[in-house]
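Each chain, written out:
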Amino acid sequence: MNTNITTTVIVLKTLTLLLGGSITFFAFKAYRRTAAPALRALALGFGAVTIGALLAGIADQFLPVDPSIALILESLFTTVGFGVILYSLYVD
């Protein structure tokens, strides 16, 4: 992979982790304060998306696997995370 592209991907993954981690933290903090199930689900959903980005980045950069495996892994976690976020919008 081109060095410029690798650097760009690392920077973007780092930003994703920082932003996703922040959203997850504040959603969980709000859940602890209110005990609202919707906020717990929201935190879990964003946590899944964030963890997926982390695991895909690790797989892509450090493991000797086909890059498509990292893409599938990230897509799986993103799909599950967005499903949980959608659920959080309908929980009472």
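Think of each chain on its own: its residues are numbered from 1, step by step along the sequence as written. Thresholds applied to this predicted model are a pLDDT of at least 70 for local features of residues and 80 or more for the giving and counting of side-chain atom pairs; totals over whole chains, interfaces and linings are not thresholded and use all residues. Calculated side-chain values reflect all of the structure's heavy atoms, with hydrogen atoms and water omitted.

- Going by an unreviewed UniProt entry, the protein carries the name YapH protein and comes from Halomarina rubra.

1. Examining the packing of helix H2 (residues 37-62) against helix H3 (residues 67-88)
Next up, step 1: Only C-alpha atoms enter the line fits that serve as axes; for helices the fit covers just the stretch in contact. Angles between N-to-C directions range over 0 to 180 degrees. Secondary structure elements follow DSSP: runs of H or I no shorter than four residues count as helices, runs of E no shorter than two count as strands, and numbering proceeds from the N terminus. Contact geometry for H2 and H3: axes closest at 7 Å, N-to-C directions at 175 degrees. Relative to H3, H2 is oriented roughly antiparallel. In these notes the angle categories are as follows: under 35 degrees is roughly parallel, over 145 is roughly antiparallel, 65 to 115 is roughly perpendicular, and the rest is oblique.

2. Structural notes on the environment of Ser-75
Next up, step 1: Note that Ser-75 resides in helix H3.
Next up, step 2: Remark: the alpha-carbon pair of Ser-75 and Gly-52, spanning 23 residues in sequence, is separated by 7.7 Å.
Next up, step 3: Only 2.9 Å separates the side chain of Ser-75 from the backbone oxygen of Leu-71, close enough to count as a polar contact. Any N or O atom pair separated by 3.5 Å or less is treated as a polar contact, with the protein-specific requirement of one donor-capable and one acceptor-capable atom, and with residues adjacent in sequence counted only for side-chain atom pairs.

3. As for the UniProt feature "transmembrane region" (unreviewed entry) in the protein
Next up, step 1: Feature annotation in UniProt places "transmembrane region" (unreviewed entry) on residues 6-28, 40-63 and 69-90, given in this structure's numbering.
Next up, step 2: Annotation note: span residues 6-28, helix share 100%, strand share 0%, distance between end C-alpha atoms 32 Å.
Next up, step 3: Across residues 40-63, helical content stands at 96% and strand content at 0%; the span's end C-alpha atoms are separated by 32 Å. UniProt positions are given in the numbering used here, feature names are shortened, and annotations may be inferred rather than shown by experiment.

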